[in-house]
Amino acid sequence: NAGVTQTPKFQVLKTGQSMTLQCAQDMNHEYMSWYRQDPGMGLRLIHYSVGAGITDQGEVPNGYNVSRSTTEDFPLRLLSAAPSQTSVYFCASSKGGSRGYEQYFGPGTRLTVT
Amino acid sequence: KNEVEQSPQNLTAQEGEFITINCSYSVGISALHWLQQHPGGGIVSLFMLSSGKKKHGRLIATINIQEKHSSLHITASHPRDSAVYICAVARSGGSEKLVFGKGMKLTVNP
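The notes below deal with the structure included here. (Residues numbered from 1 in each chain as written. Chains lettered and ligands numbered in written order. Predicted model: local features only at pLDDT ≥ 70, side-chain atom pairs only at ≥ 80, totals over all residues. Heavy atoms only, no water.)

### A short note on the overall build of chain B
Here's step 1: Looking only at helices and strands, one finds zero helices and eleven strands in chain B.
Here's step 2: Going from N to C terminus, chain B has its helices and strands arranged as β-β-β-β-β-β-β-β-β-β-β.
Here's step 3: In terms of overall size, chain B behaves like a compact globule, its C-alpha atoms giving a radius of gyration of 13 Å where 110 residues would be expected to give roughly 13 Å.
Here's step 4: Judged by the C-alpha coordinates and their principal axes, chain B covers about 45 × 25 × 25 Å.
Here's step 5: Here chain B, with 110 residues, has 45% of them falling under the buried criterion.
Here's step 6: Look at the contacts in chain B between residues 6 or more apart in sequence, and 55% of them connect residues 24 or more apart.
Here's step 7: Carbon and sulfur atoms form 50% of the exposed surface of chain B, whose accessible area is close to 5200 Å².
Here's step 8: Of the charged side chains in chain B, 11 are positive and 7 negative, and the gap between their average positions amounts to 4 Å. (Helix = DSSP H or I, 4+ residues; strand = E, 2+ residues; numbered from the N terminus. Rg over C-alpha atoms; globule rule 2.2 N^0.38 Å. Buried < 20%, exposed > 50% of the residue type's maximum accessible area, 1.4 Å probe, protein only. Contact = heavy atoms within 4.5 Å. Areas by Shrake-Rupley, 256 points an atom, 1.4 Å probe, with all protein chains shown as cover. Lys, Arg positive; Asp, Glu negative; His and termini not counted. Charge placed at Lys NZ, Arg CZ, Asp CG, Glu CD.)

Shown next, in the form of structure tokens:
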């Protein structure tokens, strides 16, 4: 199993550009999440999904869109990049919710918005 | 005040030392996760606890639900244990969302 994969590993965007961060898992996990990690702060939840076709907002959803058309894939779209979105982005998956299941994280995408 | 607090924020130890990392939380929880973030950035799950104690190799995690406190112990520390250790809690009732502490950076010197 590849586990949770993310692409790209690094990305530089100009303000106003859009892009999609890809996340895929091959463990047949129902739960998938996107987090951002900024210096001096804990991981913060952007969006999450409890199954194909079901998504919901997390703590910091503004400026981001998600969709979940398959169990395997959970892309994160930046609609119009802003310097405040410079961060490291992690995708995570689990068999069930965080109350009872181990979380598996992707390797992260480091995004810089200039 | 953050719902999840970790202490200390940084810790430097010598190889072989016994290390304790603390996590306190202020909300009711149904589970607590300990994660390790390597210097290269990858995050791996170490433990998930809802009560008592778990052990894996040189790592031991304990939780006291009444005191809203968890500890991660590393016995016979090694330079490869150098990493950021992150505590996260799943609030009881309703949402499955995790709330994360800011992490504790551990450096183990040879």
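Having put the structure on the table, let's press on.
### Details of the nonpolar core
Here's step 1: Counting residues in hydrophobic clusters, the biggest one holds 25 residues, and the most contacted among them are B:Ile21, B:Leu32, B:Trp34 and B:Val89.
Here's step 2: For this core, the secondary structure elements donating two or more residues are strand E3 (19–25), strand E4 (29–37), strand E5 (43–49), strand E7 (59–64), strand E8 (69–74), strand E9 (83–91) and strand E11 (104–109) of chain B.
Here's step 3: Counting residues in hydrophobic clusters, the runner-up holds 19 residues, among them A:Val4, A:Leu13, A:Val66 and A:Tyr89. (Core = buried A, V, L, I, M, F, W, Y, C linked by side-chain atoms within 4.5 Å.)

### Side note on the state of the cysteines
All names here are of chain A.
Here's step 1: Per the counting criterion, the structure on display carries two disulfides over all chains.
Here's step 2: Residue pairing for cysteine 23: its cysteine sulfur links by disulfide to cysteine 91, the two sulfurs lying 1.8 Å apart. Of note, the bridge from cysteine 23 to cysteine 91 carries an S-S torsion of about -70° and is left-handed in sense. Residue cysteine 23 is located in strand E3 (residues 19–25), and its partner cysteine 91 is located in strand E9 (residues 87–94); the two are separated by 68 residues in the primary sequence. In terms of burial, cysteine 23 and cysteine 91 fall into one category: buried. (Disulfide = S-S within 2.5 Å.)

### A look at the interface of chain A and chain B
Here's step 1: Across the contact, 19 residues belong to chain A and 21 residues belong to chain B.
Here's step 2: It is A:Ser98, A:Arg99 and A:Phe105 that lose the most area in chain A upon contact with chain B, and together they represent 37% of the buried surface on that side.
Here's step 3: There are zero salt bridges connecting chain A and chain B.
Here's step 4: Seen at the junction of chain A and chain B, the total is two residue pairs in polar contact (both at pLDDT 80 or more).
Here's step 5: Secondary-structure elements contributing two or more residues to the side of chain A that touches chain B are strand E4 (31–37) and strand E5 (44–51) of chain A.
Here's step 6: Top contributing element to the side of chain A that touches chain B by residue count: E4(A), with three residues. (Buried area = accessible area lost by both parts, 1.4 Å probe. Salt bridge = Lys/Arg side-chain N within 4 Å of Asp/Glu carboxyl O. Polar contact = N/O pair within 3.5 Å; in protein donor to acceptor, adjacent residues only side chain to side chain.)

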